Every structure is written in structure tokens, then in C-alpha cells.
Amino acid sequence: MSTSKQWVYGFGGGESAGDASMKALLGGKGANLAEMAKLGLPVPPGFTLTTEVCTEFYKNNRAYPGELSGQVDAALAALEAKTGKKFGDVANPLLVSVRSGARASMPGMMDTVLNLGLNDQTVEGLAQLSGDKRFAYDSYRRFIQMYSNVVLELEHHMFEEILGSHKDTNDYRTDTELTAEDWIQVVAEYKRAVEKKLGKPFPSDPKEQLWGAIGAVFSSWMNDRAIFYRKHNNIPESWGTAVNVQAMVFGNMGETSATGVAFTRDPSTGEKRFYGEYLINAQGEDVVAGIRTPKPLTKASREAMGEGGLSLEEAMPVVFAELTAHYQKLEAHYRDMQDLEFTVERDRLYMLQTRNGKRTAKAALKIAVDMAREGLITEKEAVQRVDPSALDQLLHPTISPKYHRDLICRGLPASPGAAVGAVVFDPDEAANLATAGKAVILVREETSPEDIHGMHAAKAIVTSRGGMTSHAAVVARGMGRPCVSGAGELRIDMKAGAFKVGGRVVKLGETITVDGSSGEVLFGAADMVQPELTGDFATLMEWADKARRMKVRANAETPEDAATAVKFGAEGIGLCRTEHMFFDAERIAAVREMILAETEKGRVAALDKLFPHQRQDFVDLFEIMGPRPVTIRFLDPPLHEFLPHTEEDCEAVAKATGVDAKALLARARELHEVNPMLGFRGCRLAIVYPEIYDMQARAVFEAACDVAEAKGAAPVPEIMIPFVLAKRELDFLKGRVDAIAAEVFAKRGRKIEYLVGTMIELPRAALLAGEIAQTAEFFSFGTNDLTQTTMGLSRDDSGKFLGTFVERGVLPQDPFVSIDAQGVGELVGLACERGRAARQGLKLGVCGEHGGDPSSVAFFERAGLDYVSCSPYRVPIARLAAAQAALAKG
């Protein structure tokens, strides 16, 4: 290993070795601290151990690089010089915070230690220097508590019980009532408890404390909650975390000190207003952990919320003016909404962090559009600023304004949207019930990072403590879950399995509704309304549509789905599954009659009964879609799917339809297949029973003529033959379709433009795409089945093990969610290339679930497809993803 390798970078105190562009090496926090210091902002000095140390740490069985120790000593000496204090010095001790800082923001996912460097001697030095013994011992007890929890892995509640017992004995209600003497006693009790638990005393050597904390931060990169967060936010394990060691500044030095969290714009709504909270005489974790309920920063916010007390603007106007200047400078510099942490030590403001703020989809949209209008960013940058998957949050219901609200309680509107579910108090139970398909609402006093799996499983979250920047609020906003925090009247009784508000009791399992936009918790299941997508949404979509190359269609076969698709901006139907139309109660009898028929004549007679229904289906779709293309996939599933399978079901169907029960059961058994997914389905049915596709073709062309006559404009039908593996299959079926088209057009005296193409869903079809394209006028990749047949995975069964495969790094992600670019993607690319070589201008699309997945959409852009098709509600997501993919490609 090279001796010149730099593992440690200093910042603050007039110099910074790093800057904002070095996030990969210094982590987000370290890079931004260095950048703020370069901008001349008041940043307490410190140093960063790079993410490469983390990588080496795990590569070498949790051992550090050889030169690290010397570089940390040198950085510590430089920090002592900048602060004029000495680490471990009794008279003038330097105290530090040790924090994680990954490349991507992971709020609350990894560990932090404050006030490091305190022991029985240095605490007296701190008391002398500050002239405040109570503050010194309060800082010491906080350090013992955090260090014991993070580094020594002792339970938090052990300390809570000691503190609670001390408060009860002295009849104190809040922590602020404890005197210096009280804290001295609590510290002694804490240390006794640690020694009893570990069999050795709490570490008093500051150097030992420092290395213990550094090790704990690196170790926390692989803790359960960090792994869970990375998995759900697609953050690679290989990135690692940096460690930031920074000189402490104290917000708990009395009434002229404070700590707070701020956002340069409202992270829930995106409004351009300074937003945040602060606490006087507190340390940073008090605001974020929700231990005390903080006050708003601005007078306007305080008045709007009807709060007493003073805002920061009123309590510390000089500090507030400085903070305002800093936040404006930072937002203009980073050209994005910033999330800031600050501390005021005896009327002096320090900036501890800036990062691009987490925000709801609604806020992301508004901020992107507003910043483009303000000239801070371009329209193209605005399009790239909004995560397509986050649009999901905007496409879901809210509570109907006409609904009579049975209000249980009110809290803070921490994360917008509304949800209905059964009350649960335990995150594990929430996760288990959600897995079983039950909608649940997680109700907690406050949440901690350990609860993340339960929060993810819940439809919404309610907490009785904590503010708008508490853990619950920040995490819920990131996940798109509605959240009400700080519902102070709510009391949870775990033993009784209920929560109480005044005299009202709501039990475990009872249904409630959470309105995260108003901060209300309601009893029962509220009526929901679908969102109207206008204003900023329409503007961003307009910009996205200008930027994208690929068209976006929808998978739809009902008039409702088609209308929704058009409302969301679909440019056609990319997949109309005709079999869904056959399951209708009026039609299933005729379908079964067709299956039971022993002759072609019998089958045609049954199909004649289906024909008028099928024609009307297409009329409805063509009328809604107008001039937009409609891709109609002819019957695909095996016939046994339309038949009952047990004797009991056969008898019930026989009674209802007059069909012979024994004949029905015998035919079901005859059609039964061991592996129906690869069986008698798709075009194979039509080659044996051509009359099925004949009826469907006639229905399409007659419907198209009907609509053309009625509307004066012809629809654009595209007939798709599924499950093709050879050109000859398509030759045979296209020949029949063309013959029926000619017959209908001759009879109706008009000609409609149409295409006949195929779904590419078998590896053989992809490999022989050049041959197949001689007949096919378009290809649509059925990536669901192509993934199954290429990877040998059953979509219905592989869920049992795919999660483990992804966790263990066997596969990068679930291939049914995001396309397997290496294998399945290779076949798609090959089929595109060979198909277009055989037929110039061959239209190429995709109609599997991947059509609505942003990372898959980016792949399809690179592959040169003409369109993607997805479910109606994912159309806006695909439009934005297609725009971002085109911009990324340049």
C-alpha cells in the first residue's frame, strides 16, 4: 500500500482539503462541511476519515490501513491548533462529535456520538471554562448514554430507567429541572450500571473513546437498519460511509444557546418559505429524536400553528438574521433546497450541516418548477430533479371533502397524503400483517431507526411525540407514507393494546384514517378521492414531454382504464389483454361452450355468441383512444383457465349454465397441463383452432369501421399475435387476419390502416427476430414472460427466494421489477438489431411490467425502443423516466 495515500481530510478554521464535488470520497456530510467552510460560513473545524477507510476496513476483516493512526493524530493536532484547546486536557479540554456521513443521505440510519473526550477530570475543566457545572454534567451524562448505546452496545432503556427513577424520587417532571448535583448523581449511577453490565469501567481515555466511536460508525454501515435503508433506496453497499470528527459546539449552555434544524423551503409542500424548528438550551439529538417538542423558526409559522412561546426570529433576532443570510447563500450556491443543522452557543451561530433536503413528491415537483421559473435551474434540470418513482405519491387518493370526519386527535402534518388501516403498535407486527396483505397504521410514542421495517410496511404512521423534523417525519416523507407526528393528547397503553385520547379508547386492530396533510387522525375508514394532476404537475410533464424521445402507452382493456390512461397522458394502448374481456359473467358461458364443443361448427356457433360483445369492447376502446394506436393482443392464456377445476365448481357451473357437469370436469382434466406457462397457449391455440382469432379479427375490423363511420376519423388498430416462436406461425395467422380484414373492408366499403405484429417473449423469437420481422410489422417485448423463459424463473414462485438472492448479491435486483439488462436485456437488444436489419423502421415497444419501472425505461431508451407501455397509473412515471433517460443519453 502506498505511503502517500491520504485517508484523512481536514476542514474549517480557514482551510479545507475537500469540497462538495468529493462526495464519493468524503461522504455527503464531509464534502458539504468542507464546502461551507470554503464559502466562509461559521463551521466548527474538524476532519473526515474517507469512505475508502470503510472499504479497507471491511476488505481487511475490520482492520484499519496502517497509516491511518498517524494521520488521525496529525489531524487531531491541527484541530487542537485551530480551536486553542487540547484533547484530554483537564484545564481546557477539546471535545468532539463523531458522526457518519455516507455518499447518499441516510437520515438516522447510522450512529452518532456527541461530547466525546469527557471523563471525570475533563468534565470539571468544562465546568470551569463554561462557568456552568450543570451544563458540563448534563453533557457528560449525554455522552455516557450515547457512547454506551452506540459503541458499547448497551440498551438505551437502561439509562432511561435510571433517569426516570431519579426524576420520580425528586418529583421532577422534565429534564430541565435537574440541578448540577442531580446530574453528578445520575452520571455516577450510569457509570455503575455500565461497569455492572460489562464487568469493566466506562472508558475514560479520550483516545480510546475516539477510536471506539470511529469503529462504531464504520460498523454501523452494516447494521440492520442501514442495510434495510440501502436496499429500499438502491444505495450500493460498496459505497461505504465516511466518519466526521468535529469540534463540539454546545446548544445546551443555557438560555442564550440553542440548536435547530431548518429547510430552505417547506419539505412537505415545496412552498418558498424558511421552515424548521429549534430548541433553546438543547443538543441536536433533542430536536431530531422527538424527546422534546420544538418551536418553529419563524414568527409567521408560530402564529399559523397557533403555538405559544417564541420563535427563533423573536427569541434571537440577530442570530435569525445571520441564519437567513446563510440559508439564502447556501440555496443559491447549491441550486437546490437545503436541509441545515445549526447550533447557537452563547449567541454565536455555527453551521453543522447542509445537504440537499429530503422532500415529498409534491414538494419536489413544486421546488423544481419554481426554481426553473426563478432562473436558478433550467427546465431540463427541473425534469431531472424529480424522482419518477416518487410521483407515485401524487397519484394516490386523498380524503373526500364531503366525508364527515370523526376526529380522534390532531398532531403535526408531518408527511402528506391519506391512508386507512388497522391500528398496530409494534413494528414487527406491522411487518407481519402487511406481508399477509392487511393494511395497517403504525401508532408509536416516537419512532427510532430500529422501527424502519414496520414503517415501510405501514400505510401511515402516527406518533404522540416529536416535531416536523423528527425521525418519523423525515423517514415517512422519504417513503411517501402519510404521517402525523406530535399528537400530544394520544396516550398508548401497550398492556391494554389500545391508545387513549381523553376518554376515548381505540383498540389494536380497529380501523382509523390518517390525514398527513392536515395532521388529523380519524376513526373509521374515510372516503377517498382521486388526485387531480394540474398546475406544477402539468408544467413538469410538459417539459418532460419536450425532452423525451420514446412514446408512452398504457396497458388497458376496460373503458375505465383507457380513460385513466388518457387522463395521465398515454399516447396509445400498448397492451389490450382480450382474455380479460372473456371472464365477464355474460360471456364466460359462451367461452365454456366453445371449449366443450367437439367440432369446428360447434366452436364457431359459441364464438358467434361472443362476437357482438367483443366488437363492442373494441368500439368502446377506439372511441376513447381516438387517433391513438391500440395494440390488441389476441387470446393468450391456456383454455383450462376458463374452466372450473373441482367437482363442486363444475356442478355449480353446470346448474347455472345448463352445461353437463361431467363433460365439464372431463374437459378440464383433459386440458390440464403440468406446465401451462409453456403449454397450449397464445398462437398455439389459434393454429389448432383458427376460428378463435378469426372471430377476434372480425370484431376488431368491424369495430374500427363502426367508429370511423360514426366519428369521421379512423382508429389505429395494431393486432398482436402472442407467444410466437417461428415465422411460419405468424405467416399462417397473419394470412388469416389479412383475409378477414379484406373481407370486412370490402363489405363496409372502407379501408382502415392496421398493423399485424408479435410479442417477443421467448428467447427463440428474439434470436430469430430477423426472420420473424419479414412478416411482423411491429415487435412488442413481453418482458414478464421473456424474463421467465430466459432466466428459468417462475414469476409466481420465485418470490420465495429472489429476496435472498438480491440480499446476497447473486442478482442486483428482482428481475421482474427492473429488467435484467445483462441477460434478458441482451436478447432485447439483439432482437431490435436483427428485426430492424430485416425491416427498416420496424416499430418496437415493450408491454411488460418493466414499462413503468424507471431504471428499465432508461435501458429501453438506450436500446432504441419506440415506446414503453405500463399500467395507467404509472404513465406519468414512465413519461418522466423516459425524459430523464433521453437527457442522460444526451
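Cut-offs and rules
Residues numbered from 1 in each chain as written. Predicted model: local features only at pLDDT ≥ 70, side-chain atom pairs only at ≥ 80, totals over all residues. Heavy atoms only, no water. Helix = DSSP H or I, 4+ residues; strand = E, 2+ residues; numbered from the N terminus. Rg over C-alpha atoms; globule rule 2.2 N^0.38 Å. Buried < 20%, exposed > 50% of the residue type's maximum accessible area, 1.4 Å probe, protein only. Contact = heavy atoms within 4.5 Å. Areas by Shrake-Rupley, 256 points an atom, 1.4 Å probe, with all protein chains shown as cover. Lys, Arg positive; Asp, Glu negative; His and termini not counted. Charge placed at Lys NZ, Arg CZ, Asp CG, Glu CD. Phe/Tyr/Trp six-rings, centres within 6.5 Å; stacked < 30°, edge-to-face > 60°. Lys NZ or Arg CZ within 6 Å of the ring centre and 35° of its normal. Axes fitted to C-alpha atoms, helices over the stretch in contact; angles between N-to-C directions. Parallel < 35°, antiparallel > 145°, perpendicular 65-115°, else oblique. Nonpolar A, V, L, I, M, F, W, Y, C, P; charged D, E, K, R; others polar. Pairing = 2+ DSSP bridges. 1 Å grid on protein atoms, 1.4 Å probe; cavity = no way out; pocket = protein on both sides within 12 Å on 5 of 7 lines; lining within 4 Å. Points joined across faces, edges and corners; volume = space filled by probe spheres on them. Core = buried A, V, L, I, M, F, W, Y, C linked by side-chain atoms within 4.5 Å. Left-handed = near helix turned anticlockwise from the far one by under 90°.

Draft legend 1. Main features of the overall build of the chain. The helix and strand tally for the chain stands at 35 helices and 33 strands. For 890 residues, the compact-globule formula gives about 29 Å, and the C-alpha radius of gyration of the chain, at 32 Å, lands near that figure. If one aligns the C-alpha atoms of the chain with their principal axes, the spans along those axes are about 105 × 65 × 55 Å. Here the chain holds 890 residues, and 55% of them are scored as buried. Taking the contacts inside the chain whose residues are at least 6 apart along the sequence as the reference set, 68% of them involve residues at least 24 apart. Here the chain displays about 36,200 Å² of accessible surface, and carbon together with sulfur accounts for 50% of that area. Charged side chains of the chain number 102 positive and 120 negative; the gap between the two group centres comes to 3 Å.

Draft legend 2. Broad picture of unusual backbone geometry. A positive phi angle is found at N115, which is not glycine, with a value near 65 degrees. Considering the arrangement of structural elements, one finds N115 in strand β6 (residues 112-116). Phi angles above zero are rare outside glycine, and R346 is one such case at about 50 degrees. Tracing the sequence through the fold places R346 in the loop between β11 (338-345) and β12 (348-356). Residue R346 is classed as partly exposed on the basis of its relative accessible area of 39%.

Draft legend 3. Expanded view of the packing of aromatic side chains. As enumerated under the stated definition, the model contains 24 aromatic pairs in all. With centroids separated by 5.9 Å and ring planes inclined at 65 degrees, the aromatic side chains of F263 and Y275 adopt a geometry described as edge-to-face. Taken together, the residues F263 in strand β8 (residues 258-263) and Y275 in strand β9 (residues 275-280) connect sequence positions 12 residues apart. Exposure class is identical for F263 and Y275. Each is buried. Through a chain of ring-to-ring contacts, three or more aromatic side chains come together here, namely F57, Y58, Y64, W211 and F218. Here the basic side chain of K5 rests over the ring of W7, its NZ or CZ set 5.1 Å away from the ring centre. The ring of Y867 carries R553 above its face, with NZ or CZ at 3.8 Å from the centroid.

Draft legend 4. Local environment of the packing of helix α5 (residues 133-150) against helix α6 (residues 156-169). As a packed pair, α5 and α6 sit with axes 9 Å apart at the nearest point and diverge in direction by 150 degrees. Judged by the angle between their axes, α5 and α6 are roughly antiparallel. Residues R141, I144, Q145, S148 and N149 of α5 form the contact with α6, whose own contacting residues are H156, F159, E160 and L163. Residue composition of the contact of α5 with α6, by class: three nonpolar, four polar and two charged.

Draft legend 5. Spatial organisation of the pairing of strand β28 (residues 629-633). For β28, a buried count of five out of five residues is recorded, marking the element as mostly surrounded by other parts of the structure. Alternating residues of β28 divide into P629, T631 and R633 and V630 and I632, and every residue in both groups is buried. Judged from the three bridges that link them, strand β27 (residues 573-577) and β28 form a sheet pairing that is parallel. The residue of β28 that forms the bridge with R577 is R633.

Draft legend 6. Molecular detail of the layout of surface pockets. Estimated volume of the second largest pocket: approximately 810 Å³. Lining the second largest pocket are 31 residues, and of these M677, R681, D785, Q788 and R795 sit closest to its centre. The dominant element in the lining of the second largest pocket, judged by the number of residues it contributes, is helix α31 (residues 783-791), at four residues. Along the lines of polarity and charge, the residues of the lining of the second largest pocket split into nine nonpolar, 10 polar and 12 charged.

Draft legend 7. Structural view of the nonpolar core. Counting 214 residues, the largest nonpolar core has L49, L116, L210, F701, I721 and F781 as the members making the most contacts within it. Per element, the largest residue contribution to this core is 12 residues, and it comes from helix α27 (residues 690-711). Filtering out sequence-adjacent residues up to four positions away, F781 remains in contact with I760, L786, V828, A831, C832, L844, G845, V846, C847, G848 and L865. If you look at the next biggest cluster of nonpolar residues, it comprises 24 residues, including L33, M316, L349 and M351.

Draft legend 8. Fine view of the sheet that holds strand β7 (residues 241-247). Strand order in the open sheet formed by five strands is β1-β2-β7-β5-β6, and the pairing between neighbours is antiparallel. Of all the strands in the sheet, just β1 (8-11) and β6 have a single pairing partner and so form its edges. Taken pair by pair, the neighbouring strands of this sheet meet at an average axis angle of 20 degrees, ignoring direction. Note that strand β2 (residues 46-49) and β7 share four bridges and pair antiparallel. Within β7, the position partnered with L49 by the bridge is V243. Taken strand by strand, helix α1 (residues 23-38) contacts β1, β2, β5 (96-102) and β7, and its axis lies near 125 degrees from that of β5.

Draft legend 9. Broad picture of the packing of helix α4 (residues 122-130) against α5. Interhelical geometry of α4 versus α5 gives an angle of 145 degrees and a closest axis separation of 8 Å. Judged by the twist between their axes, the crossing of α4 over α5 is right-handed. Residues V123, E124, L126, A127 and S130 of α4 lie in contact with α5, whose contacting residues are K133, F135, A136, Y137, S139 and Y140. In the contact of α4 with α5, the residues fall into seven nonpolar, two polar and two charged.

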